[in-house]
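Descriptive analysis of the structure
Chain residues, written in single-letter form:
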Amino acid sequence: VGKMGYAMESLKRAMKWDEDTFGLEYDLDIFNVLAVDSFNMGAMENKSLNVFNTSCVLADPKTTTDATYQRVEGIIGHEYFHNWTGNRVTCRDWFQLTLKEGLTVFRDQQFSGQVNDSV
């Protein structure tokens with residue numbers, strides 16, 4: 001686990017926050033996280049599989065800054081939150097895609113704000 005430890009703890013916090021805040025419990029038996037060095041995007045959500053560029057999820061406790069920890073937590077939360085505000089919605093057109101992304105950004109900012117305020 002090593003450098004993935006913080007990302008995994010962030011995922012657990014995001015899942016719990018979603019349950020506590022919105023009553024949205026994860027609905028599958030397994031949730032997969034994949035970190036790839038050569039992934040050309042920051043991250044991408046799929047139902048039960050989130051794919052991340054390693055730069056977005058790896059955090060070495062010896063060298064990682066507070067800002068990087070916050071970035072990891074925000075990205076992990078954002079992609080997880082797409083489980084409810086993204087993967088379950090079929091867009092009629094590209095405009096609706098911005099609404100669905102906007103709602104996910106709103107949720108990840110609420111999560112990050114509340115988590116970082118309590119630290």
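Residues numbered from 1 in each chain as written. Predicted model: local features only at pLDDT ≥ 70, side-chain atom pairs only at ≥ 80, totals over all residues. Heavy atoms only, no water.

A look at unusual backbone geometry
Phi at S48 is positive, roughly 75°, even though this residue is not glycine. For S48, the position within the fold is in the loop between β2 (43-46) and β3 (49-53). (Helix = DSSP H or I, 4+ residues; strand = E, 2+ residues; numbered from the N terminus.)

Side note on the packing of aromatic side chains
Evaluation of the coordinates by the stated rule reveals 9 aromatic pairs. Relative to Y80, the ring of F31 lies with its centre 5.6 Å away and its plane at 75°, an arrangement referred to as edge-to-face. With F31 in the loop between α1 (5-22) and β1 (32-36) and Y80 in helix α2 (residues 66-81), the pair connects residues that are 49 residues apart, well separated along the chain. The exposure classification of F31 matches that of Y80, with both residues buried. Taking 5.5 Å as the distance between ring centres and 80° as the angle between the ring planes, the aromatic pair formed by F81 and F111 counts as edge-to-face. Highlighted residues: F81 in helix α2 and F111 in helix α3 (residues 94-117), separated in sequence by 30 residues. Three or more aromatic residues joined by ring pairs make a cluster, and in this case those are W17, F22, Y26, F31, Y80, F81 and F111. (Phe/Tyr/Trp six-rings, centres within 6.5 Å; stacked < 30°, edge-to-face > 60°. Buried < 20%, exposed > 50% of the residue type's maximum accessible area, 1.4 Å probe, protein only.)

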